[in-house]
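Letter by letter, the chains look like this.
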2 protein chains.
Amino acid sequence: MGVVMSNHPTPDELREALAADNPSAKTKRDLIEAALYHFGHEGYAGTSTRSIAQTAKTNIASIAYHFDGKAGLKRACVNFIAMALGDVLSVIMEKKLADIEHLSPEDARDKIMEMIDRMITFTQTNQRAELVIGFMLKEVLHSPEEIETLYHLIFEPLMDRVTVLFSRATGQPVSSDELKLAIFAMIGQLLYIRLARPLVLKRMNWQSVGPEELEQIKSVLHRSINALLDDLSKGQKDA
Amino acid sequence: MGVVMSNHPTPDELREALAADNPSAKTKRDLIEAALYHFGHEGYAGTSTRSIAQTAKTNIASIAYHFDGKAGLKRACVNFIAMALGDVLSVIMEKKLADIEHLSPEDARDKIMEMIDRMITFTQTNQRAELVIGFMLKEVLHSPEEIETLYHLIFEPLMDRVTVLFSRATGQPVSSDELKLAIFAMIGQLLYIRLARPLVLKRMNWQSVGPEELEQIKSVLHRSINALLDDLSKGQKDA
DNA sequence: ATAATTCAATCAATCGATTGATTTAATGTG
DNA sequence: CACATTAAATCAATCGATTGATTGAATTAT
């Protein structure tokens, strides 16, 4: 009987489990990586456990042994994404919440722009970003349970920080619905321009998104989001 | 042997074929509608032909008979979407290209805002919009051939019109890369706020998106896009 | 009556899961 | 250290269930 990975490991538990130097941890890493690749490209239902095992260079039975089946492997992928995304975002938003609560509007805006820069770079250039986005779009967004996982582990903490930054930069209260929705609008710009890459390449007559194209994207989104911040700041400076 | 529907009917051919009052056309309509429902919710691979047939209240064999198999039904769905989306967009952007090429900046901006309004209403309230978005996200975006279909039938004509409007409203040339990317940013805001609805509801503490919430969304996106247009207009008025 | 359409039944192929044997790693003992 | 014992992990083979497709007969529309 295999020792199946806990269904809901914290990101830290997961990190520890996968970092170990034993055959079990390596196989788990290989399986998650392979599963993420196939799930991201062909979707969960469109991926066979055989192809996952083949990519991971192990036997089909390993999936049941280590993850209690295909569904368990999918859960592990969600947790892995939560972990990996948490790492990326902790780099992107290194400061503690307390540290950003008293920034000047100018400093807050600088921080926002720095954050956007890093997010664009990550989504547009990171290899795994494509898989993660594909996987989340195809599978996670329609699965209430997994949305719950990612919402609390990743999305809400991120949004809380960004909201504080937006609040400092615009003078609007953190509780403002307008502010919250504006942040969705901002994230939408970032993600869509990555997600719709096939359309972007066609429309822009680009062969790929290299350093030059990356700068063009950053430039436009900078302007767009700065304009948004300017507008949100209107009539709020005295608050 | 069944008379299989042409693989690449134009939207008009498709409309005519589906509008007919014979048993064949009705079964085709039912099958496409059922397939769109299942493909949009569970994905192509995750949908069995049996469940499609059951929803459409017909026999499995009808799929092969009318569409030459599951893959053919998927193609028909893409074409159907192209048709339906073309209808919606023709209402949203009724004017001919020539009619908008000489609008004043103010009139152009009004037209843009009117268009955005209608797009938000459609994406946020139309029943089928959810299916279409789900289907395109899960299946079409990773299928080069079907991207080709939708790009030329829907996306490019739409973008061309919007680009002209943006050009008139901002003074920037229609060939401007900045303008084209800004339009992607605008569409990204629209789509993401619909696509990420589960996250939006959680974050905003909304139970659903009713008339009140719709107005809030419109208000924020109006401000955001107006700010973007203002910024793009800077230093271009004299051009 | 002739063609068009639908149907139940069945096909081979593939799916995820499981089995029991086998191999590899870890641990204990002298 | 060498060797034995146990536990952990992997393997080929196989399971029943489900998949998309097909068939030829039955039904319906023209």
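Residues numbered from 1 in each chain as written. Chains lettered and ligands numbered in written order. Predicted model: local features only at pLDDT ≥ 70, side-chain atom pairs only at ≥ 80, totals over all residues. Heavy atoms only, no water.

Side note on the packing of aromatic side chains
So, point 1. All told, the structure shown has 10 aromatic pairs over all chains when counted by the stated rule.
So, point 2. The rings of Tyr151, Phe155 and Phe184 of chain A together with Tyr192 of chain B are connected pair by pair, giving a single aromatic cluster.
So, point 3. If you follow Lys70 of chain A out to its NZ or CZ, it ends over the ring of Tyr44 of chain A, 4.4 Å from the centre. (Phe/Tyr/Trp six-rings, centres within 6.5 Å; stacked < 30°, edge-to-face > 60°. Lys NZ or Arg CZ within 6 Å of the ring centre and 35° of its normal.)

Notes on the environment of Ala129 of chain B
Residues and elements named next belong to chain B.
So, point 1. Summarising the element assignment, Ala129 is placed in helix 8 (residues 127-138).
So, point 2. Given the relative accessible area of 2%, Ala129 is considered buried.
So, point 3. If sequence neighbours within four positions are ignored, Ala129 has contacts with Phe122 and Thr123. (Helix = DSSP H or I, 4+ residues; strand = E, 2+ residues; numbered from the N terminus. Buried < 20%, exposed > 50% of the residue type's maximum accessible area, 1.4 Å probe, protein only. Contact = heavy atoms within 4.5 Å.)

Re the UniProt feature "domain: HTH tetR-type" (unreviewed entry) in chain A
So, point 1. Under the UniProt annotation, the feature "domain: HTH tetR-type" (unreviewed entry) is placed at residues 25-85 of chain A.
So, point 2. Within the segment residues 25-85 of chain A, helix and strand shares are 79% and 0% respectively, and the terminal C-alpha atoms sit 20 Å apart. (UniProt positions renumbered as here; feature names shortened; annotations may be inferred.)

Some details on the pattern of salt bridges
So, point 1. Per the counting criterion, the structure on display carries 28 salt bridges over all chains.
So, point 2. Across the pair Glu130 of chain A and Arg194 of chain A runs a salt bridge, and its minimum N-O distance is 3.9 Å. In this pair, Glu130 of chain A is assigned in helix 8 (residues 127-138) and Arg194 of chain A in helix 10 (residues 177-195), connecting sequence segments 64 residues apart.
So, point 3. Note on Glu130 of chain A: relative accessible area 33%, which makes it partly exposed.
So, point 4. Residue Arg194 of chain A is classed as buried on the basis of its relative accessible area of 8%.
So, point 5. In this structure, Arg128 of chain B engages Glu33 of chain B in a salt bridge whose closest nitrogen and oxygen atoms are separated by 3.5 Å. (Salt bridge = Lys/Arg side-chain N within 4 Å of Asp/Glu carboxyl O.)

Brief notes about the interface of chain A and chain B
So, point 1. Contacts between the two partners involve 48 residues from chain A and, on the opposite side, 47 residues from chain B.
So, point 2. Taking both partners together, chain A and chain B bury about 4,900 Å²; carbon and sulfur atoms supply 67% of that area.
So, point 3. Here chain A and chain B share 8 salt bridges between them.
So, point 4. Our enumeration of links across chain A and chain B arrives at 15 residue pairs in polar contact (both at pLDDT 80 or more).
So, point 5. For the side of chain A that touches chain B, the secondary structure elements donating two or more residues are helix 8, helix 9 (144-170), helix 10, helix 11 (197-204) and helix 12 (211-233) of chain A. (Buried area = accessible area lost by both parts, 1.4 Å probe. Polar contact = N/O pair within 3.5 Å; in protein donor to acceptor, adjacent residues only side chain to side chain.)

Describing the protein's contact with DNA strand D
So, point 1. If you check the shell around DNA strand D, you find 17 residues, and the closest are Ser24, Thr27 and His66 of chain A together with Thr49 and Lys70 of chain B.
So, point 2. Restricting attention to atoms of DNA strand D within 4 Å of the protein, one finds that 51% of them are sugar or phosphate atoms.
So, point 3. Within the side chain of Thr58 of chain A, one N or O atom sits 3.3 Å away from a phosphate oxygen of DNA strand D.
So, point 4. One of the backbone N or O atoms of Thr49 of chain B is found 2.7 Å from a phosphate oxygen in DNA strand D.
So, point 5. Listed by contribution, the elements that provide at least two residues to the surface near DNA strand D are helix 2 (23-42) and helix 4 (61-67) of chain A together with helix 3 (49-55) of chain B. (Near = heavy atom within 4 Å.)

Quick word on the domain arrangement of chain A
Residue and element names in this part refer to chain A.
So, point 1. According to the domain assignment, chain A contains domain 1 (11-73) and domain 2 (93-233).
So, point 2. Facing 9 residues of domain 1, the contacting portion of domain 2 comprises 8 residues.
So, point 3. Interface area lost by domain 1 to domain 2 is led by Leu36, Gly40 and His41, which between them contribute 52%.
So, point 4. Put simply, domain 1 and domain 2 have 1 salt bridge between them.
So, point 5. There are 1 residue pair in polar contact (both at pLDDT 80 or more) connecting domain 1 and domain 2.
So, point 6. A total of 6 residues in the side of domain 1 that touches domain 2 trace back to one element, the largest contributor, which is helix 2.
So, point 7. Residues belonging to the side of domain 1 that touches domain 2 are distributed by class as follows: 5 nonpolar, 3 polar and 1 charged. (Domains from an automatic or database assignment. Nonpolar A, V, L, I, M, F, W, Y, C, P; charged D, E, K, R; others polar.)

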